[in-house]
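Analysis of the macromolecular model
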Amino acid sequence: MRTVNEVSKITGVSIRTLHHYDAIGLLKPTKVTNAGYRLYDDTALCRLQSILLFRELQFPLKGIKTILDNPNFEPSNALEQQIKLLELQYKHIEKLISFAREIQKKGAIKMDFNVFDKSIIEQYKQEVKAKWGKSEAYQEFIQREKNGQDFEKTEKKFMSLFSEIGMLRELPPSDKKVQEKICTLQRFITDNYYNCTNKILSNLGQMYVNDERFKKNIDSAGGEGTAEFTMQAIQIYCSAI
């Protein structure tokens, strides 16, 4: 067991912060002595380590508590996701450094704001929150998985929808035929995965473009540019309803 002072010294977290984590239920001490001293065991320190990693990734304290309190939370899987997020941030910082050095070298302002885009990082963070958070959509997905739904078969049907959407790429994304396919896509997700609200569908549309895994699979199913086309059609669909 370690005292709050010892934990503060070995982790760099202030005593005040540890007291705050205790007060909000984020990190409760393993034991509190009769004299009121907080004591922490190795399990508590492991939780603190997870907290610090999520904080480094700029997750809010409330969100971290929701994630860590999830009965399905698996530290090893979460660590893999944290590593992925750190790698994305590392690449982002590398780009910013290169961008700044180029400006320094040329002595002029380079009008390129794409280097500041953090949409991929934010999207992956949303995936982590969806998996470990208590979102109704993810819980519904888990329940269907437990009920024995054949998601491999469902996945094939799902990708075939993108093949059909890809065949309409010559049309404007606002075309009636395209919009009908987006409606079919939304209904399919609701019927087979979770209740796909317009907000969820809109977020999925962004993910289809920003996440290279999705973009690659969707373009493979419907042809180059299908992911981007689907995203545009989804935004029109969601804004019209």
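Since the model is a prediction, treat every value here as computed from it, not as a measurement.

A side chain with one charge can pair with a side chain of the opposite charge if their charged atoms come near. Enumeration over the complete set of coordinates arrives at seven salt bridges. Between D22 and R38 there is a salt bridge, with the nearest N and O atoms lying 2.8 Å from each other. In this pair, D22 sits in helix α2 (residues 15-23) while R38 sits in strand β3 (residues 38-40), placing the two residues 16 residues apart along the sequence. Its relative accessible area of 9% is what places D22 among the buried residues. On the basis of relative accessible area, R38 is assigned to the partly exposed category, the value being 23%. Across the pair K65 and D69 runs a salt bridge, and its minimum N-O distance is 2.8 Å. In this structure K65 comes out as partly exposed when scored by relative accessible area, which is 28%. Sharing partners across several salt bridges, the network here consists of D22, K28 and R38.

Core analysis: the largest hydrophobic core is formed by 25 residues, its most contacted members being F158, F162, L185, I189 and Y208. Of all the secondary structure elements, the ones that give two or more residues to this core are α8 (151-166), α9 (176-192), α10 (198-210) and α12 (226-240). The biggest single contributor to this core is α12, with six residues. Ignoring anything within four residues of it in the chain, the contact list for Y208 reads F158, F162, L185, I189, F214, K215, I218, A227, T230 and I234.

Residues of α2 that are buried: L18, Y21 and D22. All buried residues of α2 lie within an arc of 100° about the axis, which places them on one face of the element. Away from its buried face by more than 90 degrees, α2 exposes R16 and A23. Where the residues of α2 are buried, they touch α1 (4-11), β3, α3 (42-56) and α4 (61-68). Just downstream of α2, G25 is the residue with a positive phi angle, here 80°.

What counts, and at which threshold
- Residue numbers run consecutively from 1 along every chain, following the written order of its sequence.
- The model is predicted, so local features are restricted to residues of pLDDT at least 70 and side-chain atom pairs to those at 80 or more, both for listing and for counting; the totals for chains, interfaces and linings are taken over all residues.
- Note: side-chain values were computed over all heavy atoms of the structure, leaving out hydrogens and water.
- A carboxyl oxygen of Asp or Glu within 4 Å of a side-chain nitrogen of Lys or Arg is what we treat as a salt bridge.
- Helix and strand definitions here come from DSSP, where helices need a minimum of 4 consecutive H or I residues and strands a minimum of 2 consecutive E residues; each element is numbered from the N-terminal end.
- Here the term buried applies to any residue with accessible area under 20% of the maximum for its type, exposed to any over 50%, and partly exposed to those in between, with areas from a 1.4 Å probe on protein chains only.
- Buried residues of nine kinds, namely Ala, Val, Leu, Ile, Met, Phe, Trp, Tyr and Cys, make up a nonpolar core once their side-chain atoms join them within 4.5 Å.
- Residue contacts are defined here by distance: any two heavy atoms, one from each residue, within 4.5 Å place the two residues in contact.
- Working definition: the arc comes from the directions between the helix axis and the C-beta atoms, pointing outward to the latter.

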